[in-house]
2 protein chains.
Amino acid sequence: MKSVFQSIQDFSADEINLLDSLITFRTVKKGELLLAENQVCNEIVFIEKGILRSFFLNHKGDEITNCFAFENEFMASFASFITGEKAEENIQALTDTELQILDRKSLEKLYQSGFNWQETGRKLTELEFVNLHKRMVSFQKLSGAQRYEELCQNHQKYIQLIPLQYLASYLGITPRHLSRIRKAVI
Amino acid sequence: MKSVFQSIQDFSADEINLLDSLITFRTVKKGELLLAENQVCNEIVFIEKGILRSFFLNHKGDEITNCFAFENEFMASFASFITGEKAEENIQALTDTELQILDRKSLEKLYQSGFNWQETGRKLTELEFVNLHKRMVSFQKLSGAQRYEELCQNHQKYIQLIPLQYLASYLGITPRHLSRIRKAVI
DNA sequence: AGCTTTTTAGGACATTTGTCCAGTAAAAGA
DNA sequence: TCTTTTACTGGACAAATGTCCTAAAAAGCT
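Computed from a predicted model, the values in this text were never measured in an experiment.

Let us now look at the relation of the copies chain A and chain B. Its rotation angle being 180 degrees, the transformation that places chain A on chain B also includes 0.0 Å of axial translation and leaves an RMSD of 0.0 Å. As the rotation angle and translation indicate, the two copies are arranged about a two-fold axis. If distances are taken from each C-alpha of chain A to the rotation axis, the shortest is found for R122 of chain A, at 2.1 Å. A symmetric contact is evident, with 100% of the interface residues of chain A recurring at the interface of chain B.

In this section: helix 5 (residues 115–141) of chain A. The terminal C-alpha atoms of helix 5 of chain A, which comprises 27 residues, lie 39 Å apart, in line with the 39 Å expected from a rise of 1.5 Å per residue. Among the 27 residues of helix 5 of chain A, 19 are classified as buried, and the element is accordingly described as predominantly covered.

In this model, the second largest pocket occupies a volume close to 1,300 Å³. Forming the boundary of the second largest pocket are 50 residues, of which N131, L132, R135, Y158 and Y170 of chain A lie nearest the centre.

Below, the discussion takes up the pairing of strand 4 (residues 52–57) of chain A. Residues and elements named next belong to chain A. Counting buried positions along strand 4 yields 5 of 6 residues, so the element is predominantly enclosed. Summarising the sheet, strand 4 and strand 5 (residues 63–69) pair through 6 bridges and their orientation is antiparallel. For F55, the partnering residue across the bridge sits in strand 5 and is T65. Counting the residues between successive antiparallel strands, the hairpin from strand 4 to strand 5 contains 5 residues, one of them, G61, with a positive phi of roughly 90 degrees.

On to the sheet that holds strand 3 (residues 43–49) of chain A, then. All names here are of chain A. Overall, antiparallel pairing links the 4 strands, which are arranged 1-8-3-6 in an open sheet. Both edges of this open sheet fall to strand 1 (24–28) and strand 6 (74–75), since each of them pairs with a single strand only. Sheet analysis places strand 1 next to strand 8 (residues 97–103), joined by 5 bridges and oriented antiparallel. Within strand 8, the position partnered with T24 by the bridge is I101. Along the sheet, helix 4 (residues 104–112) contacts strand 3 and strand 8; its crossing angle with strand 8, the most-contacted strand, is approximately 55 degrees.

A few words now on the protein's contact with DNA strand D. Looking at DNA strand D, there are 14 residues lining it, with L164, Q165 and R176 of chain A together with K30 and R180 of chain B nearest. Across the atoms of DNA strand D situated within 4 Å of the protein, the share located in sugar and phosphate is 60%. R182 of chain A is positioned such that a nitrogen or oxygen atom in its side chain is 3.3 Å from a phosphate oxygen of DNA strand D. Those elements that place two or more of their residues in the surface near DNA strand D are helix 8 (164–171) and helix 9 (175–185) of chain A together with helix 9 (175–185) of chain B. Counting residues per element, the surface near DNA strand D draws most heavily on helix 9 of chain A, at 4 residues.

Right, let's get into helix 2 (residues 13–22) of chain B. Residues and elements named next belong to chain B. Burial in helix 2 covers these residues: E15, I16, L19 and L22. Along the axis of helix 2, the buried residues cluster in a sector spanning 120 degrees; they form a single face. In helix 2, those exposed residues whose orientation departs by more than 90 degrees from the buried face are A13, D14 and S21.

Basis of the calculations
- Residues numbered from 1 in each chain as written.
- Chains lettered and ligands numbered in written order.
- Predicted model: local features only at pLDDT ≥ 70, side-chain atom pairs only at ≥ 80, totals over all residues.
- Heavy atoms only, no water.
- Least-squares fit on C-alpha atoms with pLDDT ≥ 70 in both.
- Contact = heavy atoms within 4.5 Å.
- Helix = DSSP H or I, 4+ residues; strand = E, 2+ residues; numbered from the N terminus.
- Expected span 1.5 Å × (residues − 1).
- Buried < 20%, exposed > 50% of the residue type's maximum accessible area, 1.4 Å probe, protein only.
- 1 Å grid on protein atoms, 1.4 Å probe; cavity = no way out; pocket = protein on both sides within 12 Å on 5 of 7 lines; lining within 4 Å.
- Points joined across faces, edges and corners; volume = space filled by probe spheres on them.
- Pairing = 2+ DSSP bridges.
- Axes fitted to C-alpha atoms, helices over the stretch in contact; angles between N-to-C directions.
- Near = heavy atom within 4 Å.
- Polar contact = N/O pair within 3.5 Å; in protein donor to acceptor, adjacent residues only side chain to side chain.
- Arc of directions from axis to C-beta.

Purely spatial values, then, with no claim about function.
And the structure:
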């Protein structure tokens, strides 16, 4: 995750050393849960290799996929991490996954260690906000079919790597309907 | 907006004086646009009195309401403000409105003036993220009827103050459908 | 107050999307 | 490689939601 931080700000050797000392590592097997709902999310993970998805359950018990994260991306229940409240989401490995981990205390240390980390944290949070905003807009403005098309055009990775059943709820539709959409598009 | 910042952090008199020197004021008449789509959003406003709504157009030209802001809340096209790209949203006054304004340069000055402002900016961005996340989850997990009920129970203010036509698109449904839902609920 | 405009409600019908299901294809495990 | 499990497709029908429209109610204007 070092390089992501460095792409935002020019950190000194000391600052990077502090970061290095705080990062830990873990691997997760395909299918395993990294976080279960009703736990507080106390760490942010960064994916070195693999794919994660976050999902919650609706009132019928169906799994609704909230988001995916790929290599070189962060994942957490940010809402739970930020508020300290229990997460509604489960985070699951879709493949065997290798992770870097920054826990709450470590991130707090970083933040307290100086202006630069505060600024970087703010900017990264801003970017997360912008991404979420785009997703929100796509739900208000587009149909499921249009969201699928958008994904085909701009996020081919999702189409290639994610099972359709997960994509469907991510797009806000049922697998049955996604099948219909795919038939129509081709 | 001073008191919002102060609720997050204990600022010194100097820090608050700097803020005071950067805030400007403006009033907007009911119906007027504060920001039009395709402009870059260069300021964050804070509502002293009144109500704002942000909306964009879908492919058919219908207005889709993105969010509302009430007294003592911030409003902006945050996505545009953050990225510097053109906004997709219009921001409109739903009533005569009195505003405090912080423009991009002023906020940048605050941020550069010290750690505390960076930290406060990060925390406020985090809270915006969490709110947006909740809204996103409600779109993925609930029906339009359930979102309306949720609004009745937890955000009575919306029901009382916002015309139903705007509420409908905010909830992701048509006015016709909202009318059906209201009939069923009562 | 009276006129005009805007907003809301709701009927009739069309379209979209979901539910349930079974058959097939693909993937995982032994 | 064979078997078992899981994922995907698509038919038939049902339910949810949208479209178009008109009348009534409410709000705004002079």
